[in-house]
Amino acid sequence: MTPTDSKDEFPRAAGQPAVAVRTSTISPFMVMEVLRAANARQAAGGDVLHLEIGQPSTPAPKGVIAAAAHALAADRLAYTDALGLPALREGIARWYQDRHGLVVSPERVVVTTGSSGAFLLAFLAAFDPGDRVALAAPGYPAYRNILKTAGLVPVELPTGPETRFQPTPALLDELLAQGGGPFRGLIVASPSNPTGTMLDAAAMAALGAWCRRHSVWLISDEIYHGIEYGTVPAATALAVDGGQGAITLNSFSKYFSMTGWRLGWAVVPERLVRSVECLAQNLYISPPTLSQHAAVAAFGCVDELEGHVARYRRNRDILLDLLPDAGFGRLAPADGAFFLYADISDRTDDAQAFCTRLLNETGVALTPGVDFDPLRGHHTVRISFAGAEAEMVEAARRLKAWRG
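On a predicted model such as this, the values are computed, not experimentally measured, just so you know.

Novice: Explain the overall build of the protein to me, using residue names and the numbers behind them.
Specialist: A tally of regular secondary structure across the protein gives 12 helices and 12 strands. In terms of C-alpha radius of gyration, the protein reaches 21 Å, essentially the compact-globule figure of 22 Å for 404 residues. Buried positions account for 54% of the 404 residues belonging to the protein. If you take every contact in the protein between residues at least 6 apart in sequence, the share linking residues at least 24 apart comes to 73%. For the protein, the accessible area works out to roughly 16,900 Å², and carbon and sulfur atoms hold 55% of it. In the protein, 35 positive and 41 negative side-chain charges are present, and the distance between their average locations comes to 2 Å.

Next up, the structure:
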């Protein structure tokens, strides 16, 4: 086989080794592509309103920064245990007691390099190559790409307004009836990225019961917990059967406003702890030590963090009030997180081109829905309201004036 007819479809000179075929199935993270274009516009002197990126615009809490400074001065910052600093694991366990009234053993807590590291560890520990894992569409694109990288098969479960863009036992039964074989895992996200919708305790319990009946791992992405706008708090999968059939994932990036510190965690059943530990030892030895020391202080910064949530709520209310007049009236219920998911099928069937033109002509950066739903996302966009209040008002004004 010559370099030009290689199945990997990556051009290479004669004698060069081929790129792994699996990389040809990994799509780019579109929001990062939009961010790159937005940054290029700014570098060229243009202005940008960043409603594309899903991260807080606030720095880490003051207590976290102080703890980091102390650690820099007083600690040599060597490797930690692969599962994380004991003080941080204990703090995470107490967080579940404080927030959900659940007693969680710190021995089940695994500190990870971002929630992305937690997903990789969970997938590798729970599944074998070729296993099928169900996930809602629209949903966070890294799920399917990490699954593919691990040799697993993502099975998209189309959801819509009728189920508040969340999976249900009925939808899962339909998916099984379509054939293709059973699946070994179900990924849920509450609050969801990109829709912001949430599962209440009853809905989470129903999914947990379905997973138990079918011997399916329930993997719960809870990284937007704490950023909620309704009267019912987000439910955790740890409350389902004691979490013994669930893997719960969270992060310091969103509620705790620590994206660049690259720190997340998982709570896993006892029978998975040793497997996860061995994987972590070999994949990255330990999570970032400085970030771990700093994160111990994060749980004492709730007043500051709740102030961020109050700002997100104001931003959400501004956009819900102004966007319909700007032509963005069909929005998913934003129960939590800091996103609005808009149906723009009356304006375009090419959301990627729509977002490119919008950025070039107005400076407003949005994320095309194909990032979250490759089959149906060509007529949707995600709008992040994690920025400043003035940016939300100005973005809505520009969108209304543009009407492209």
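Novice: Tell me about the sheet that holds strand β5 (residues 185-189), residues and numbers included.
Specialist: Backbone hydrogen bonds hold the strands of a sheet together, and the pairing may be parallel or antiparallel. Strand order in the open sheet formed by seven strands is β2-β8-β7-β6-β5-β3-β4, and the pairing between neighbours is mixed. Only two strands of the sheet have a single neighbouring strand rather than two, namely β2 (109-112) and β4 (153-158). Across the sheet, the mean angle from the axis of one strand to that of its neighbour is 20°, orientation sign disregarded. Sheet topology note: the strand β3 (residues 132-137)/β4 ladder contains six bridges and is parallel.

Novice: Explain unusual backbone geometry residue by residue, including any values.
Specialist: Most peptide bonds take the trans configuration, and most residues that are not glycine carry a negative phi. Here the residue pair Ala-137 and Pro-138 is connected by a cis peptide bond, since its omega of 10° sits within 30 degrees of zero. Of note, Pro-138 is situated in the loop between β3 and α5 (141-149). Look at the link from Ser-190 to Pro-191: it is a cis peptide, with omega at -10°. Its place among the elements puts Pro-191 in the loop between β5 and α7 (201-213). The residue Leu-77 is not glycine, and still its phi comes out positive at about 55°. Locating Leu-77 in the fold gives a position in the loop between α2 (62-74) and α3 (86-100). Despite not being glycine, Arg-262 has its phi angle at roughly 50°, a positive value. With respect to the helices and strands, the residue Arg-262 is situated in the loop between β7 (246-251) and β8 (264-267).

Novice: A description of the sheet that holds strand β9 (residues 339-343) should follow, citing residues and the corresponding values.
Specialist: An order of β9-β12-β11 is seen for the three strands of this open sheet, with the pairing classed as antiparallel. Among the strands making up the open sheet, the edge pair consists of β9 and β11 (367-368). By the bridge criterion, two bridges tie β11 to strand β12 (residues 380-384) in an arrangement that is antiparallel. The residue of β12 that forms the bridge with Pro-368 is Val-381.

Criteria and cut-off values
Residues numbered from 1 in each chain as written. Predicted model: local features only at pLDDT ≥ 70, side-chain atom pairs only at ≥ 80, totals over all residues. Heavy atoms only, no water. Helix = DSSP H or I, 4+ residues; strand = E, 2+ residues; numbered from the N terminus. Rg over C-alpha atoms; globule rule 2.2 N^0.38 Å. Buried < 20%, exposed > 50% of the residue type's maximum accessible area, 1.4 Å probe, protein only. Contact = heavy atoms within 4.5 Å. Areas by Shrake-Rupley, 256 points an atom, 1.4 Å probe, with all protein chains shown as cover. Lys, Arg positive; Asp, Glu negative; His and termini not counted. Charge placed at Lys NZ, Arg CZ, Asp CG, Glu CD. Pairing = 2+ DSSP bridges. Axes fitted to C-alpha atoms, helices over the stretch in contact; angles between N-to-C directions.

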